Amino acid sequence: MTKKLLQICNLHAEINGIKIIKGFNLTINEGEIHAIMGPNGSGKSTLAKIIAGHPSYVITQGEIIFNNKNIISVAPEIRSHLGIFLAFQYPLEISGVSNIDFLRLAYNEKRKYNNQLELDPLNFFDFISKKLNSIDMDSKFLTRNVNEGFSGGEKKRNEILQMALLDSKIKILDEIDSGLDIDALKIIANGINQLNKPTNSMILITHYQRLLDYILPDFVHIMQDGKIQYTGNAELARELETQGYNLLHTRNSK
């Protein structure tokens, strides 16, 4: 029997009194990949931050049910421990904190939450080194400060490294393809595909169909004005590439 992993029901949210999410509904089952596309300002990135628990957004109505638990009042770090991961469109640089220390702290915090023993630095290095291979990332990036001096592609690979490390139940990738050349995109996509599991799910937020050439979605949703306006399969993304969002008006007028 297919298990529902995430249900978003009639979600309304705002920031600084401005309504952005306006009656959003979505159900994601285990093993599914959902792509969310839409014009700028449609609320895609806002939705990703709200699911992850960004404190700046106020939910005025609706529910977010993750693994049969309403997480609207759950703190961001607990959501992470429960199995929600967000890869940022613009990963932050953190001066003075080495990448390996950051990753080990994040990993061990999740282990503590699950009543598991923490890994010491030596055992963690052996563990993380195996993860590096899946995304073609050099171990020298472990000793550098978090994202400091990283290229756009290296920052995105670092996000995927975190994703591989935490092995979350639902992975939200907010425009992971932005700023990548075709070679970097292929490497990132290959790493993402290797991390797919039948018990996990994924939300891909993107403007472009090219990412979906390498990561095949089960569903493509067009988001506009704070909610999903139309849903189709992978072919919908190809149609958007040629027709643009005028396609939405054509479909809805039928």
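Residues numbered from 1 in each chain as written. Predicted model: local features only at pLDDT ≥ 70, side-chain atom pairs only at ≥ 80, totals over all residues. Heavy atoms only, no water.

Some words on the pattern of salt bridges
In total, this model carries six salt bridges according to the counting rule given. The salt bridge involving E109 is made with K112; its shortest N-O contact spans 2.9 Å. Of this pair, E109 and K112 both sit in helix α3 (residues 99-113), separated by three residues, roughly a single helical turn. A residue is classified by how much of its surface remains accessible, and E109, at 31% relative accessible area, is partly exposed. Of the charged contacts, one joins R238 and E235 as a salt bridge, the two residues approaching to 3.3 Å between their closest N and O atoms. Pair noted here: R238 and E235 are both in helix α7 (residues 234-243), with a separation of three residues, about one helical turn. What makes R238 partly exposed here is its relative accessible area of 34%. (Salt bridge = Lys/Arg side-chain N within 4 Å of Asp/Glu carboxyl O. Helix = DSSP H or I, 4+ residues; strand = E, 2+ residues; numbered from the N terminus. Buried < 20%, exposed > 50% of the residue type's maximum accessible area, 1.4 Å probe, protein only.)

With respect to the environment of Q7
Positionally, Q7 belongs in strand β1 (residues 4-15). Q7 sits 192 residues away from T199 along the chain, and the two C-alpha atoms are 16 Å apart.

So, α3
In this model, α3 (15 residues) spans 21 Å end to end at C-alpha, consistent with the 21 Å of a helix rising 1.5 Å per residue. Residues of α3 that are buried include every one of N99, I100, L103, Y107, N108, K110 and R111, and no others. Buried positions in α3, seen along its axis, are confined to an arc of 155° and lie on one side of it. Phi turns positive, to about 60°, at N115, one or two residues after α3. (Expected span 1.5 Å × (residues − 1). Arc of directions from axis to C-beta.)

Focus on the packing of helix α5 (residues 152-166) against helix α6 (residues 182-195)
Interhelical geometry of α5 versus α6 gives an angle of 5° and a closest axis separation of 10 Å. The pairing of α5 with α6 is recorded here as roughly parallel in orientation. Only I187, I188, G191, I192 and L195 of α6 make contact with α5, whose side of the interface consists of G153, K156, R157, I160, M163 and A164. Its residues assigned to classes, the contact of α5 with α6 shows seven nonpolar, two polar and two charged. (Axes fitted to C-alpha atoms, helices over the stretch in contact; angles between N-to-C directions. Parallel < 35°, antiparallel > 145°, perpendicular 65-115°, else oblique. Contact = heavy atoms within 4.5 Å. Nonpolar A, V, L, I, M, F, W, Y, C, P; charged D, E, K, R; others polar.)

Concerning the sheet that holds strand β10 (residues 201-205)
Ordered by their spatial adjacency, six strands build an open sheet running β6-β9-β10-β3-β11-β12, and the pairing between neighbours is mixed. A single partner strand is all that each edge strand has here, and the edge strands are β6 (84-87) and β12 (227-232). Strand-to-strand, the axes of this sheet are offset by a mean angle of 20°, without reference to chain direction. Here five bridges tie strand β11 (residues 219-224) to β12, and the two strands are oriented antiparallel to one another. (Pairing = 2+ DSSP bridges.)

Topic: the packing of aromatic side chains
All chains considered together, the criterion is met by four aromatic pairs. Ring centres 6.5 Å apart and planes at 50° place the aromatic pair F124 and F127 in the tilted group. Taken together, the residues F124 and F127, both in helix α4 (residues 121-134) and three residues apart, mark about one turn of the helix. Note on F124: relative accessible area 0%, which makes it buried. Relative accessible area serves as the criterion here: at 25%, F127 is assigned to the partly exposed category. A network of ring pairs unites the aromatic residues Y107, F124 and F127 as a single cluster. (Phe/Tyr/Trp six-rings, centres within 6.5 Å; stacked < 30°, edge-to-face > 60°.)

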